[in-house]
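Residue-level structural notes
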Amino acid sequence: MLDKKIAGYSDEISVAPGERIRFMVSCEPGVDRYQADIVRLISGDRQPDGPGYRDELLPTSVSGEYPGRTQETYYGSYAVVPDSPAFAALGSLSLQAAIFPTLPSLRRACLISKMDVDAGLGFALWTDPADGLVLQLGDGAGGQREFALGRPFVAREWYLVSATYDADSGEIRLRQELLDSYARDTSSGAASHSSDGSAAVGCDAPLLIAAASREEARGKPIGEMIFNGRIERPVVASRALEPGEIEALRSDSVPLALRSDVCAAWDFAQAIETDDIVDISPNRAHGTLINLPIRAVRGSNWTGDELSFRHAPDQYAAIHFVDDSLYDCEWDVDFELEVPADTPSGLYAARLTSGDQEDHITFIVRPPRDRATASLALLIPTASYMAYGNSRGGIEVGSELLANRLHVVSPEERYLNRHPEYGNSMYDDHNDGTGVCYSSRLRPLINIRPTHPWLWQLSADMHIVEWLEAQDIPFDVITDEDMHQDGVSLLERYACVMTCSHPEYYSTNMWDALHAFTQRGGRLMYMGGNGFYWRVAYRDDKPGAMEMRRTEDGSRSWASEPGEYYMAFTGEYGGLWWRAGRTPQSLVGNGFIAQGFDHSSYFRRTADSHDPRAAFIFEGIDDEIIGDFGLIGGGAAGLELDSASRAYGTPPHALTVATSEQHTDAYIRVNEDIGHMLLSIGGQDDPQVHADVVFFETPRGGAVFSTGSIGWSSALFHNHHDNNVSRMTRNVLDRFLDPAPFA
Amino acid sequence: MPSQYPIDPSRTDLAREFMANPMGPHSAALQRIVTRMRDGEAAGRYVLVTRVPHEEWVLAQISGQRGVDLTLLEDQVFSSLEDAERAVFKMRWELITGTPLLLD
Ligand SMILES: [Fe+2]
């Protein structure tokens, strides 16, 4: 497969027997038909030394050939306000807003539009790379007339912009005013134009904010010429307002004297947790946001005195629109599955094949909603899958300094680069350089596939699935979203819960559930590294969407702006769980300390490992060195490393039974653990750069075992599972499934 | 601003070390050269494009721009990642020092 050409997604990520799941597929030209089957995934890593790909057909009515077709995706964020009587009387016109353009030089972009282009009716206000503010008015005869201010905007500055049209005099006035003040500013200014007063300002098209539209699809106007940047308090009025009146409307209420002139005045400080935009004029011409523009962002009047939008909503009356965000592809359904009643819980995929083309739309069949069907649950980190989904950094940046070698581009990466409309991962920037703080699974997530050549998240987690299958130990599969929704009651059905290799992103519900499980006698095997690190939020009314803010510090590809650390979905403080007082060390005994991506290393047993409490872990193991082998980087101690630390909350009685050593200089300590910058950075010089395997007992007979490394699971397959990492893991699992309480 | 670490073209001993073990770990002196070489702008950066998984790769330069494809250098095909690293090291050595890397 030189070129990937087929991809899809499902409407659900976790379904129980008897429930329905729908699959949407898009093919590039050349793929006219494809075969679809539902398969249980057993193994994924196709490296020459790896276990290879294996699946098992689930006989269902899905199996069959389907026609391939290209499905359109409409992306980029904007607001839609349906036409309403509020706009019926428009003859004269005022438009205004505070704006913060982030890409004003890219192309023309629309701030507000209500336009029937073909009929030449309506109005639109634009930013233009050369001319700055531009007003378009319908001529009533199939065309538009344009009036420009003539001064380009400076990027990333706040402006008050306004445009008025007086139908009696025909006069047009444009104004753009920098709200900060710089000596030698040439971007502020005003212009007036005269016309014959024949403009046709009224029309029955919907009103859009941050976009223009000429056609509809899937019941919505398609947003075009989307504005990148922030818009605050947009107002439409039916009279040419004076500068003092325009200033008076920069407020969270419409002055009494202006209420008969104002058609709509949207206060984005209201309903921040939703997709609604609220019109505070008597007309109540409310609207809806499309494709998750960023809310809970600083407005033009932010003072820094309050850091949460909930404490000073008036200072968060802006929305940040971007031309490349996406919530839901909304493709037509290709096929659907009613999960047969007796389907065993597991990791499944809709496997699509066509010649050398393939895709695996991966989903989980959880056990029936009222019970467990095994003593062990494998917890699939769907939140972390969503954070990493459609990561573009490889082909866009191609960094060699992370892995200390040339980046290898897969066909999947080139495919994703051809499809910017599939949206970004939370590791990427939007086109305007703003960090991506929302993700969605209602789109193809190209790298979240069992066979993806970048062994990370799902493709790396297949090493755990493959090992569990080989152990012949029954296990149920559940997801982050199940745990978020059902809470600890879901986990309590199990003797033991096992994580995957990199469960990095956690909502409050998820953290609470997992913590309560460990405190109520549950046994937790944390099979990876850099877990329980970032705090995320879901929204009940927005299934499949997730929010995260990269605040203060942490290993991160972008950083949130000051004052934007609280998540719009929930109002919770975002960023590292550590900064909310909940360290990974307090949950699982170790926490993120260093990362590197060239050579993985090994663990050495410690004095603690000879404590009788740890004897069960090392049964049958005489080796001092653990895991000097593995399918990623050649060792079990690699990629992202977690260490124990009393200061960060590791329980006082925890045993560190193995510690890694001899990491390369490509392994660097995390920035949040660095105070002063010293010369001793890198694995060879910095003793903090190491992973700890930790065991500790929890109240009511429970226990936690944490491997301290993403690389751990890549060592399980070595020598066909006959190795000391596999043996340790099995020893712990056997004991954790044994109901005999720990002390 | 690019990395400023100077590469001494007379240190062919370090180049030989790289050629013998291109995937490292490297000596500290060699790693500094390699770090300098691996630094830089995204636009035009060399990457390898998988032609046959685990068997054959083509050298390419990325655009550094979303939605803009990379440029394949069709005459630079490798059957091992190590050989690809050697070839790029050699090109960058000459580019940075102005001196061709001659080891034979
Ligand atoms: Fe991560």
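This is a predicted model, so every value here is computed, not measured.

**Brief notes about empty space enclosed by the protein**
All names here are of chain A. Applying the stated criterion across every chain yields a total of 11 cavities of 30 Å³ or more. Each pocket or cavity is described by its volume, and for the largest cavity that value is around 210 Å³. As for the largest cavity, its lining consists of 19 residues, of which Ile-13, Thr-362, Leu-445, Ile-448 and Arg-449 are closest to the centre. Those elements that provide at least two residues to the lining of the largest cavity are β1 (6–10), β27 (357–365) and α2 (382–388). Of the residues belonging to the lining of the largest cavity, the class tally is 11 nonpolar, four polar and four charged.

**Observations regarding the packing of aromatic side chains**
All names here are of chain A. Scanning the model with the defined rule gives 34 aromatic pairs over all chains in all. Ring geometry for Tyr-388 versus Trp-454: centroids 6.3 Å apart, planes at 70°, classification edge-to-face. One end of the pair, Tyr-388, is in helix α2; the other, Trp-454, is in the loop between β30 (438–440) and α5 (458–471), and 66 residues separate them in sequence. Residue Tyr-388 is classed as buried on the basis of its relative accessible area of 5%. Trp-454 gets classed as partly exposed once you look at its relative accessible area, which sits at 37%.

**Brief notes about helix α1 (residues 12–20) of chain B**
All names here are of chain B. If you check which residues of α1 are buried, you get Leu-14, Ala-15, Phe-18 and Met-19. Down the axis of α1, the smallest arc covering the buried residues is 145°, so these residues share one side. Structurally, α1 contributes buried residues whose contacts are with α2 (28–38) and α3 (81–97).

**Side note on the sheet that holds β1 of chain A**
All names here are of chain A. Strand order in the open sheet formed by three strands is β1-β3-β25, and the pairing between neighbours is antiparallel. One side of each edge strand has no neighbouring strand; the edge strands of this open sheet are β1 and β25 (335–338). When strand polarity is set aside, the average angle formed by the axes of neighbouring strands in this sheet is 25°. With four bridges joining them, strand β3 (residues 20–27) and β25 adopt antiparallel strand pairing. Across the sheet, the residue bridging to Phe-23 is Phe-335, located in β25.

**A closer look at the interface of chain A and chain B**
The interface is formed by 31 residues belonging to chain A together with 33 residues belonging to chain B. Here chain A and chain B share an interface that buries about 2500 Å² over both sides, 53% of which is from carbon and sulfur atoms. On the chain A side of the interface with chain B, the three residues burying the most area are Glu-400, Leu-406 and Arg-414 of chain A, jointly 24% of the side's total. Across the contact surface, chain A and chain B share five salt bridges. Of all the elements in the fold, those that place two or more residues in the side of chain A that touches chain B are α3 (393–397), β29 (408–409) and α4 (411–418) of chain A.

**Remarks on the pattern of salt bridges**
All names here are of chain A. Following the criterion strictly, the structure yields 61 salt bridges over all chains and no others. Of the charged contacts, one joins Glu-336 and Arg-20 as a salt bridge, the two residues approaching to 1.9 Å between their closest N and O atoms. Residue Glu-336 is found in strand β25, and its partner Arg-20 is found in strand β3; the two are separated by 316 residues along the sequence. By relative accessible area, which is 28% here, Glu-336 ends up partly exposed. The closest approach of N and O atoms between Arg-230 and Glu-564, which form a salt bridge, is 2.7 Å. Here Arg-230 is found in strand β19 (residues 229–237), whereas its partner Glu-564 is found in the loop between β36 (545–548) and β37 (575–576), with 334 residues between them in sequence. The class for Glu-564 is buried, based on a relative accessible area of 5%. The structure contains a network of salt bridges with shared partners spanning Asp-11, Arg-20, Arg-22, Glu-336 and Glu-338.

Quick notes on the rules
- Residues numbered from 1 in each chain as written.
- Chains lettered and ligands numbered in written order.
- Predicted model: local features only at pLDDT ≥ 70, side-chain atom pairs only at ≥ 80, totals over all residues.
- Heavy atoms only, no water.
- 1 Å grid on protein atoms, 1.4 Å probe; cavity = no way out; pocket = protein on both sides within 12 Å on 5 of 7 lines; lining within 4 Å.
- Points joined across faces, edges and corners; volume = space filled by probe spheres on them.
- Helix = DSSP H or I, 4+ residues; strand = E, 2+ residues; numbered from the N terminus.
- Nonpolar A, V, L, I, M, F, W, Y, C, P; charged D, E, K, R; others polar.
- Phe/Tyr/Trp six-rings, centres within 6.5 Å; stacked < 30°, edge-to-face > 60°.
- Buried < 20%, exposed > 50% of the residue type's maximum accessible area, 1.4 Å probe, protein only.
- Arc of directions from axis to C-beta.
- Contact = heavy atoms within 4.5 Å.
- Pairing = 2+ DSSP bridges.
- Axes fitted to C-alpha atoms, helices over the stretch in contact; angles between N-to-C directions.
- Buried area = accessible area lost by both parts, 1.4 Å probe.
- Salt bridge = Lys/Arg side-chain N within 4 Å of Asp/Glu carboxyl O.

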